[in-house]
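# Architecture at a glance
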Amino acid sequence: MGLLGNDLAFAQALTAQERESVMALGSRKRYPADGHLLTEGDRSSHVVIILRGWVTVSVVTDRGATRLILGLRGPGELLGEMAALDRHPRSATVRALGPTEAQVIPGDSFRRFLALHPRVSGLVIRQLTSRLRSADQERSALASLTVLQRLAGRLTELAGAETAGPYAPSAAGAPTGLRPAGPVVQLAQDELAATIGATREAVAKALRLLRTQNIVRTGNRLVEILDPELLALLADGHHE
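These notes cover the structure that comes with them. As the structure is a computational prediction, the values presented were derived from the model and not from experiment. (Residues numbered from 1 in each chain as written. Predicted model: local features only at pLDDT ≥ 70, side-chain atom pairs only at ≥ 80, totals over all residues. Heavy atoms only, no water.)

## A closer look at the pattern of salt bridges
- For the structure on display, the rule yields 11 salt bridges.
- With a shortest N-O distance of 2.8 Å, R131 and E77 are connected by a salt bridge. A residue pair is termed long-range when its members are at least 10 positions apart, and R131 in helix α5 (residues 118-144) and E77 in the loop between β5 (67-73) and β6 (78-79) qualify at 54 residues.
- The salt bridge involving E157 is made with R154; its shortest N-O contact spans 2.7 Å. Of the two residues, E157 and R154 are both situated in helix α6 (residues 147-159); the distance of 3 residues between them amounts to about one turn of the helix. Grouping residues by exposure puts E157 and R154 together as buried.
- Because the salt bridges share partners, they merge into one network encompassing R28, R30, R52 and E101. (Salt bridge = Lys/Arg side-chain N within 4 Å of Asp/Glu carboxyl O. Helix = DSSP H or I, 4+ residues; strand = E, 2+ residues; numbered from the N terminus. Buried < 20%, exposed > 50% of the residue type's maximum accessible area, 1.4 Å probe, protein only.)

## Considering the pairing of β5
- With 6 of 7 residues buried, β5 lies mostly within the body of the structure.
- With 6 bridges connecting them, strand β4 (residues 55-60) and β5 associate as antiparallel partners. When the sheet's bridge partners are listed, V57 is paired in β5 with G71. (Pairing = 2+ DSSP bridges.)

## Quick notes on helix α7 (residues 189-196)
- The element α7 is extensively covered by neighbouring structure, given that 6 of its 8 residues are classed as buried.
- Of all the residues in α7, the buried ones are E191, L192, A193, A194, T195 and I196.
- Two residues or fewer past α7, G197 is found with a positive phi of approximately 70 degrees.

Treat this as a map of the structure, not an account of what it does.
In structure tokens form, the structure reads like this:
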């Protein structure tokens, strides 16, 4: 499973001239924490490029009772391009994890720009293909892995990410008395649950098990990884 895109962010893959031209197509907009940049099922067609902050990309699961977070996206990322290209309803919801700024570009303007810039169009197609493949892998994991395996895999992935994200160590985010000695993931239990398509109760139970084995330590919106190697083994299914 993969929550973080491994490819270069869209804006970072553009030349300076391409970036300036793309940004000139739209206007800057600020979103509060928990604000929706895009909403699943909506028929809008604009695209957004994240300038500051981090967002989650989520869909309603087949069961309909929970949301599955398909990705965490940060500065430079392009979102909403699918609806801009095919004019179908939005396929996912994009929600701000904290105060966020984005460049909002009308879908018609974005389509015209791509028609005139084949290299940029190729970047968008490659991004779409990569994200669709990742989404398929996430859905497959729901059916084949236990909650403990999915949680262990997600914590391993997020803890190994670069420290620029919302899940990275932060002295301001650490609860009093908890001084992280290992990798830290800064997401609440309900947010972690949404990243693996599980309930908050199931994630709380799995975290209790990991705590009793001294694999993790938890605080307010914080999970510290004490034994990364054992956590990775659990993610692979080695949990006799």
